[in-house]
Amino acid sequence: TECVSGCVCPEGLFDDGRGGCVEQKDCPCIHNNEWYSSGEKIKVDCNTCTCQKGVWKCTDHVCYGTCMIYGSGHYNTFDGKFYDFDGSCEYVATQDFCGDKNSSGSFSIITENVPCGTTGVTCSKAIKMFLGVSDDSQYISNKEYKEIQRDVGDDVQYWNRTVGLYLVIEASNGVMLIWDKKTTVFIKLSPSYKGKVCGLCGNFDDKANNDFTTRSGLLESNPLNFGNSWKQSPMCPDVTHEIKPCDLKPHRKSWAEKECSIIQSEVFKICHSKVNPVPFYEACVHDACSCDSGGDCECFCSAVAAYAQECIKAEACVFWRTPDIC
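Residues numbered from 1 in each chain as written. Predicted model: local features only at pLDDT ≥ 70, side-chain atom pairs only at ≥ 80, totals over all residues. Heavy atoms only, no water.

- Where an unreviewed UniProt entry is consulted, the protein chain appears under the name MUC2 protein, with the organism given as Vireo altiloquus.

Right under this line is the structure:
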C-alpha cells in the first residue's frame, strides 16, 4: 500500500504477514491481532469461523446471550457493555416484562445488593428468579437455595443441578441462571429474547450503546441514573455518586494493584488479544480495596476468576490458580 524499500513478493504471490509469500488460496486471516493460516478455525460466541483465502467465513447460528454480575457491583451486559453500579436495594437484573405496565412476560430475575466491606460498595447477596405468569419463584441467597411455590402453575418447567462450583437453574423458556454460591452470577438467555428484555443487564439487541435504557424507556448516559430506575422499592435511597474504595482506603491500594496485576501479566498473555483486560483489572483493584471486613482473598479471587471465565469463552484457556494464588 505504500513504498517500502526491501523485498516484495513475486508476481502472483501474496505477503502472508509473517515475512513469507504464498498463493492466494493460502492467505492467512487476522483476528484480534493474531494471524491464522488458511483452513484454521476459531470460535466466536457459538459460531465457528474458518479462514478461507484471507477472509473469515462464519456459520450464522444465533447465540445465547450472557450477562455477568460479579464482585462489588460490576455488570457486563448481554451486549458486552461493562459498567459499575453500587446500589443497596433489590434491582431488576433482567426481565421480559418490558414496555407498558400491563405487558406480559414469562420471567423476571431480581438481584438484592447489600454492603460488603465498610466503604459503601455493595455485592449481590441474593438472587430471586420468578418463572411463568403464575409467579413460581426460586430464591437463591448466600449459600442457600430455596424454592417458593406461590401458585401451582405448570407453564414453565425448570431443573436445577450442580456443576463444579456452580449451581445451575435451567428453565424450559430459555432462561438459565448460573451462580458460584458467592458473588458471581451469570444469566443466559436464548436468542428468542433478543431485544425483548430490560433491566440492569441491558436489552440484548447486539448494540451496546443503548443498554442504559431506564424503566420508563429513556436512554441514559449515566450508569447511576440508569441503575436507580431499576430498583424494586421506592423506599431505597438513590445512588448519587460513584464510590472509589481505593481513595477511601489508600493503605490497601498498593496491595490491590500488586495482586490484581496478574490479570495484565504474562500468565494471561494468550487472552489479552481476545478479551480486553483493562476493565477487569480496574474492577479487581476496586474489589480488593473495598473488601476490608474479611474475605479479602475471596473478593480478589472472584475478580480474577471473572476474567478467566471470559477468556475461556474466547477459547483462551489460562491456568492461573497456584498453591499461593486462590
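Anyway, onward from the coordinates.
1. Quick look at the packing of helix α3 (residues 250–260) against helix α5 (residues 278–290)
Geometrically, a packed helix pair is captured by the angle between its two axes and the distance between the axes.
Alright, step 1. The contact between α3 and α5 brings their axes to 8 Å, and the two run at 140 degrees. Taken together, α3 and α5 sit at an angle that is classed as oblique. Viewed along their axes, α3 and α5 form a crossing whose handedness is right-handed. Here Arg 252, Lys 253, Trp 255, Ala 256, Glu 257 and Cys 260 of α3 lie close against α5, whose contacting residues are Tyr 281, Cys 284, Val 285, Ala 288 and Cys 289.
Alright, step 2. Counted by class, the contact of α3 with α5 contains eight nonpolar, no polar and three charged residues. (Axes fitted to C-alpha atoms, helices over the stretch in contact; angles between N-to-C directions. Helix = DSSP H or I, 4+ residues; strand = E, 2+ residues; numbered from the N terminus. Parallel < 35°, antiparallel > 145°, perpendicular 65-115°, else oblique. Left-handed = near helix turned anticlockwise from the far one by under 90°. Contact = heavy atoms within 4.5 Å. Nonpolar A, V, L, I, M, F, W, Y, C, P; charged D, E, K, R; others polar.)

2. Regarding the pattern of salt bridges
Alright, step 1. One pass over the full model with this rule turns up nine salt bridges.
Alright, step 2. A salt bridge links Lys 231 to Asp 238; its shortest N-O distance comes to 2.7 Å.
Alright, step 3. A salt bridge links Lys 244 to Glu 242; the shortest N-O distance between them is 3.8 Å. (Salt bridge = Lys/Arg side-chain N within 4 Å of Asp/Glu carboxyl O.)

3. As for the nonpolar core
Alright, step 1. In this structure, Phe 78, Phe 107, Ile 109, Leu 177, Ile 187 and Leu 189 are the most contacted members of the largest nonpolar core, which totals 40 residues.
Alright, step 2. When contributions to this core are tallied by element, the ones reaching two or more residues are β8 (65–70), β11 (90–95), β12 (107–115), β13 (122–131), β17 (166–171), β18 (175–179), β19 (185–189) and α1 (223–229).
Alright, step 3. It is β13 that provides the largest number of residues to this core, a total of four residues.
Alright, step 4. When sequence neighbours within four positions are dropped, the list of residues in contact with Phe 78 reads Gly 65, Thr 66, Cys 67, Thr 94, Ile 187, Leu 189, Val 197, Cys 201, Gly 202 and Phe 204.
Alright, step 5. Membership of the second largest hydrophobic core comes to 32 residues, among which are Tyr 70, Met 176, Val 275 and Val 304. (Core = buried A, V, L, I, M, F, W, Y, C linked by side-chain atoms within 4.5 Å. Buried < 20%, exposed > 50% of the residue type's maximum accessible area, 1.4 Å probe, protein only.)

4. Concerning the packing of α5 against helix α6 (residues 296–313)
Alright, step 1. Where α5 meets α6, the axes come as close as 8 Å, and the angle between the chain directions of the two elements is 165 degrees. Taken together, α5 and α6 sit at an angle that is classed as roughly antiparallel. Considering only the axes of α5 and α6, their crossing is right-handed. Each of Phe 280, Cys 284 and Asp 287 in α5 lies in contact with α6, whose residues at this interface are Cys 299, Phe 300, Ala 303, Val 304, Ala 306, Tyr 307 and Glu 310.
Alright, step 2. The residue makeup of the contact of α5 with α6, split by class, is eight nonpolar, no polar and two charged.

5. Some words on the state of the cysteines
Alright, step 1. Within this structure, the stated rule accounts for twelve disulfides.
Alright, step 2. With its sulfur 2.0 Å from that of its partner, Cys 246 forms a disulfide with Cys 289. Residues Cys 246 and Cys 289 are joined through a disulfide that is right-handed, its torsion about the S-S bond being 100 degrees. You can see Cys 246 sitting in helix α2 (residues 245–248) and its partner Cys 289 sitting in helix α5, a full 43 residues away along the chain.
Alright, step 3. For Cys 246, a relative accessible area of 11% gives the class buried.
Alright, step 4. Since its relative accessible area comes to 0%, Cys 289 is described here as buried.
Alright, step 5. The disulfide bridge from Cys 260 ends at Cys 284, spanning 2.0 Å between sulfur atoms. In this structure the cystine formed by Cys 260 and Cys 284 twists about its S-S bond by roughly -80 degrees; its chirality is therefore left-handed. (Disulfide = S-S within 2.5 Å.)

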